[in-house]
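# Breakdown of the fold
Here is what each chain is made of, one letter per residue.
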Amino acid sequence: MTTPAFDRELDVKGLNCPLPILRTKKTLAEMSSGQVLKVLATDPGSVKDFQAFARQTGNELLGSDEDSQVFSFFLKRK
């Protein structure tokens, strides 16, 4: 995956559901429409959580990646 450019990074490694989603929601609320947030998480369940979060909120999941059990998600603020 080509890494999209991003405006902010949020590190939620070590946190389990629902904390990564809650912190992401709070951070996105502070951002402008069209900005991209990179989220780093270690919870394996976060893959499905972020897909569902993007569908439910209308924020676009630009992509995700995994490297050494760290998941990266790129969300574009609606």
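Each remark here, short or long, concerns the structure printed above.
Within each chain, residue numbers correspond to sequence positions counted from 1 in written order. In view of the model being predicted, local features appear only for residues whose pLDDT reaches at least 70, and side-chain atom pairs are presented and counted only at 80 or more, with totals across whole chains, interfaces and linings using the full set of residues. Hydrogens and water are ignored here; the side-chain numbers use all heavy atoms of the structure.

## Structural notes on helix α2 (residues 46-57)
Which entries qualify depends on this criterion: Elements are defined by DSSP. Helices are runs of H or I of four residues or more, strands are runs of E of two residues or more, and each kind is numbered from the N terminus. What a helix should span is 1.5 Å times the count of its residues minus one. Each residue's exposure class comes from its accessible area (1.4 Å probe, protein chains only) as a fraction of the maximum for that residue type: buried when under 20%, exposed when over 50%, partly exposed otherwise. The arc under discussion is defined with respect to the helix axis, by the directions toward the C-beta atoms. Pairs of residues are marked as contacts when any of their non-hydrogen atoms sit within 4.5 Å.
Counted at 1.5 Å a residue, the expected span for α2 with its twelve residues is 16 Å, and the 16 Å between its end C-alpha atoms agrees. Buried residues of α2: Ser46, Phe50, Phe53 and Ala54, and no others. All buried residues of α2 fall inside an arc of 95 degrees around its axis, so they share one side. Facing away from the buried side of α2 by over 90 degrees, the exposed positions are Lys48, Arg55 and Gln56. The inward-facing, buried residues of α2 abut α1 (19-29), β2 (36-41), β3 (60-67) and β4 (70-76). Following α2 by one or two positions, Gly58 adopts a phi angle in the positive range, close to 85 degrees.

## Describing the nonpolar core
To keep it simple, the criterion reads: Remark: nonpolar core denotes a set of buried residues (Ala, Val, Leu, Ile, Met, Phe, Trp, Tyr, Cys) joined through side-chain atoms within 4.5 Å.
By size, the foremost hydrophobic cluster in this structure holds 14 residues, and its most contacted members are Leu28, Leu37, Val39, Phe50, Phe73 and Leu75. Elements with a contribution of two residues or more to this core: α1, β2, α2 and β4. Among residues more than four places away in sequence, those in contact with Leu37 are Arg8, Glu9, Leu10, Thr24, Thr27, Leu28, Met31, Phe73, Phe74 and Leu75.

## A closer look at the side chain of Thr24
By secondary structure assignment, the location of Thr24 is in helix α1. Not counting chain neighbours up to four residues away, the residues in contact with Thr24 comprise Leu10, Leu37, Val39, Phe50, Phe53 and Leu75.

## Notes on the sheet that holds β2
Short version of the rule: Between any two strands, pairing holds if DSSP finds at least two bridges. In this analysis an axis means a line fitted to C-alpha atoms, helices contributing only their contacting stretch, and an angle means the value between N-to-C directions, from 0 to 180 degrees.
Spatially, β1-β2-β4-β3 is the arrangement adopted by the four strands of the open sheet, whose pairing is mixed. Because the sheet does not close on itself, it has two edges, and the strands there are β1 (8-11) and β3. Taking each pair of neighbouring strands and ignoring which way they run, the sheet shows an average axis angle of 20 degrees. Pairing between β1 and β2: four bridges, direction parallel. Note on β2: the bridge partner recorded for Glu9 is Lys38. Set on the sheet, α2 makes contact with β2, β3 and β4; between it and β4 the angle comes to about 5 degrees.

## So, the side chain of Asn59
This is how the line gets drawn: Pairs of N or O atoms are called polar contacts if they sit within 3.5 Å, as long as, within protein, a hydrogen donor faces a hydrogen acceptor (for residues adjacent in sequence, only side-chain-to-side-chain pairs).
With respect to the secondary-structure elements, Asn59 resides in the loop between α2 and β3. Within the structure, Asn59 has its side chain in polar contact with the side chain of Thr57 (distance 2.9 Å). Within polar-contact distance, the side chain of Asn59 engages the backbone nitrogen of Lys78 at 2.9 Å. Beyond its immediate sequence surroundings of up to four residues, Asn59 is in contact with Leu28, Phe53, Ala54, Lys76, Arg77 and Lys78.

So far we have only geometry, and geometry alone does not tell us how the molecule works.
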